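# Geometric and topological summary
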Amino acid sequence: MKDVITLIEKISVQDQFQEQYLKGILDTLTDLEKHSLADIISFFKAQGFDLDYQTRAYILIVQDTMKEQKYFFDHKKYRYSTYKEVAGHVYDDPEYMRLYMVGLILSQYFWNIHRSMMRHFREITKGVSGKKYLEIGPGHGQYFADAMQNMHFDEFLAVDVSATSVEMTKAFVAHTLKNSSVKYDVIHKNFFDFDDSAQFDAVVMGEVLEHVEDPLSFLKKIRSVASENAFIYITTVINAPAIDHIYLFRNRDEVLDVVNRAGLSVVSYKEFTPQPSISVEKAIRKEYPIDIALILKR
Amino acid sequence: MNEKFKELVAQVLEIDVNRLSESSNTSNISEWDSLLHWEIIAEIERTYKIKFTMSEAAAFKNLGEIYAALQGKI
């Protein structure tokens, strides 16, 4: 735990809001989460990303998000709206992507909204089983590793358009599941290049729709590769600016509408806000960020 | 700090204006986190038709500092 505490101290020195926000953060984590966080920090260190690098990565994602949040308060829209505008300085920049992914995985433990989503995913996927599992856009690999620990499938496959994400997911899973015999693969591919005849019994896509220009096509593609009774789990964001968010869902209905238009039905959904003190109703009224997780069926 | 300014900030934070003073900040007003900080800054800029730089706004330590910086711009 020493490194966890040191990392929090290093972050706190650099950002007054994080200093306040991270006070007592360890009390909000379960023992398992504390252990996982310590393990992740140590994994990154072994990868050559020392605590200073991890601090820089976390501060980068915090500051970039706040910069975009300010833009959103001013303009009521995201700064960018096309993939081309963000690809150059995010996805196609390996150094930025590495920092971004390291910062993002730390936010799974540090940010209330991401932590709540992670807990929800772990809870609702427990015991789900089938033959083939697919995750689109694993990013840093945390959810993919969780899936392999929580669910029972003959094989797990993850596909990501970013070479850096593929590399990070492979390394993270290899570390997290080092003694496991679960069959898996992580491939560098555009999801649209998938053969529609490939059928999966689970399709998971966390926080991808807001990164694409045409969410409807993505959801239609998911429908085409999902087997008849597939477990489909999608998350996206509403009014949640970030450096690479280009598709703005302004409310829940816009999310549900695109899901329905793709020929998918909503089994259930759950919404998450930045702080426990901010209700979903307040977040909607004030246009604060909301994460929404949906369980869908064909 | 004048009342109009305090009321503007109280409105964003959705708290009683009497809870605010020059020393108010993220450590003594629990509703004031980074998200609300930037909303406060955006509202002040919109209302008073001024602009803070990002680094300037990120460094404000309390409401008194924000008010002083505002006075320098209007």
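Since we're looking at a predicted model, the values are computed, not measured.

All right, on to the overall build of chain A then. The helix and strand inventory of chain A stands at 13 helices and seven strands. Here the C-alpha atoms of chain A give a radius of gyration of 18 Å, agreeing with the 19 Å that 2.2 N^0.38 yields for 298 residues. Based on the C-alpha atoms only, the size of chain A along its principal axes is roughly 50 × 50 × 35 Å. Put simply, chain A has 298 residues, and 44% of those count as buried. Partitioning the contacts of chain A with sequence separation of at least 6, the portion at a separation of at least 24 is 73%.

The next point concerns the interface of chain B and chain A. Opposite the 11 residues of chain B that make contact, chain A presents 13 residues. The dominant element in the side of chain B that touches chain A, judged by the number of residues it contributes, is helix α2 (residues 34–48) of chain B, at seven residues. When its residues are assigned to classes, the side of chain B that touches chain A shows five nonpolar, four polar and two charged.

Turning next to the nonpolar core. When a protein is soluble and globular, its nonpolar side chains tend to lie buried together. Residues and elements named next belong to chain A. Core analysis: the biggest nonpolar cluster contains 103 residues, and Tyr133, Ala147, Ala202, Val203 and Ile232 have the highest contact counts within it. Ranked by residue count, the leading element in this core is helix α7 (residues 94–110), at nine residues. Residue-level mapping places this core at the junction of two domains, with at least three residues from each of domain 1 (2–110) and domain 2 (112–297). Ignoring anything within four residues of it in the chain, the contact list for Val203 reads Leu134, Ile222, Val225, Ala226, Ala230 and Ile232.

The next subject is unusual backbone geometry. Residue and element names in this part refer to chain A. Not every positive phi belongs to a glycine, and Lys76 is a case in point at roughly 60°. The residue Lys76 is located in the loop between α5 (51–75) and α6 (83–87) in this model. Unusually for a residue other than glycine, Asn239 sits at a positive phi of about 50°. When you line up the elements, Asn239 lands in the loop between β5 (226–238) and α12 (252–261). Of the residues examined, Asn239 has 21 C-beta atoms within 10 Å and is grouped as buried.

Bringing the domain arrangement of chain A into the picture now. Residue and element names in this part refer to chain A. When cut into domains, chain A gives domain 1 (2–110) and domain 2 (112–297). Taken together, the 26 residues of domain 1 in the interface contact 22 residues of domain 2. At the level of secondary structure, the elements contributing two or more residues to the side of domain 1 that touches domain 2 comprise α5, α6 and α7. Per-element tally for the side of domain 1 that touches domain 2: the top contributor is α7, with nine residues.

All names here are of chain A. Ordered in space as β3-β2-β1-β4-β5-β7-β6, the seven strands form an open sheet in which the pairing is mixed. Strands at the two margins of the open sheet, each flanked by one partner only, are β3 (183–188) and β6 (265–272). Ignoring strand direction, the axes of neighbouring strands in this sheet form an average angle of 15°. In the sheet, strand β4 (residues 200–206) pairs with β5 via six bridges, with the strands oriented parallel. Among the inter-strand pairings, Val204 is bridged to a residue of β5, identified as Tyr233. In the packing of helix α8 (residues 112–125) onto the sheet, the strands contacted are β5, β6 and β7 (290–297), and the crossing angle to β7 comes to about 20°.

The next thing to look at is the packing of helix α11 (residues 215–225) of chain A against α12 of chain A. Residue and element names in this part refer to chain A. Two numbers describe how α11 lies on α12: the axes approach to 8 Å, and their chain directions differ by 45°. For the element pair α11 / α12, the angle class is oblique. Crossing angle aside, the handedness with which α11 passes α12 is right-handed. Residues Pro215, Leu216 and Leu219 of α11 touch α12, and the partners they reach there are Val258, Val259 and Arg261. Each residue belonging to the contact of α11 with α12 can be placed in one class, and the counts come to five nonpolar, no polar and one charged.

On to α11 of chain A. Residues and elements named next belong to chain A. Taken residue by residue, α11 has Pro215, Phe218, Leu219 and Ile222 as its buried positions. All buried residues of α11 fall inside an arc of 95° around its axis, so they share one side. In this fold, the buried residues of α11 make contact with β4, β5 and α12.

Moving on to the confidence of the model for chain B. Residues and elements named next belong to chain B. Residue-level pLDDT values for chain B average 97, and 100% of them are 70 or greater. When mean pLDDT is compared element by element in chain B, helix α4 (residues 63–71) scores highest at 98, while helix α3 (residues 54–59) scores lowest at 95. Interface predicted TM-score (ipTM) for the complex: 0.96; the corresponding pTM is 0.95.

Analysis parameters
- Residues numbered from 1 in each chain as written.
- Chains lettered and ligands numbered in written order.
- Predicted model: local features only at pLDDT ≥ 70, side-chain atom pairs only at ≥ 80, totals over all residues.
- Helix = DSSP H or I, 4+ residues; strand = E, 2+ residues; numbered from the N terminus.
- Rg over C-alpha atoms; globule rule 2.2 N^0.38 Å.
- Buried ≥ 20, exposed ≤ 12 C-beta atoms within 10 Å, placed from the backbone.
- Contact = placed C-beta atoms within 7 Å.
- Nonpolar A, V, L, I, M, F, W, Y, C, P; charged D, E, K, R; others polar.
- Core = buried A, V, L, I, M, F, W, Y, C linked by C-beta atoms within 7 Å.
- Domains from an automatic or database assignment.
- Pairing = 2+ DSSP bridges.
- Axes fitted to C-alpha atoms, helices over the stretch in contact; angles between N-to-C directions.
- Parallel < 35°, antiparallel > 145°, perpendicular 65-115°, else oblique.
- Left-handed = near helix turned anticlockwise from the far one by under 90°.
- Arc of directions from axis to C-beta.
- pLDDT = per-residue confidence, 0-100.

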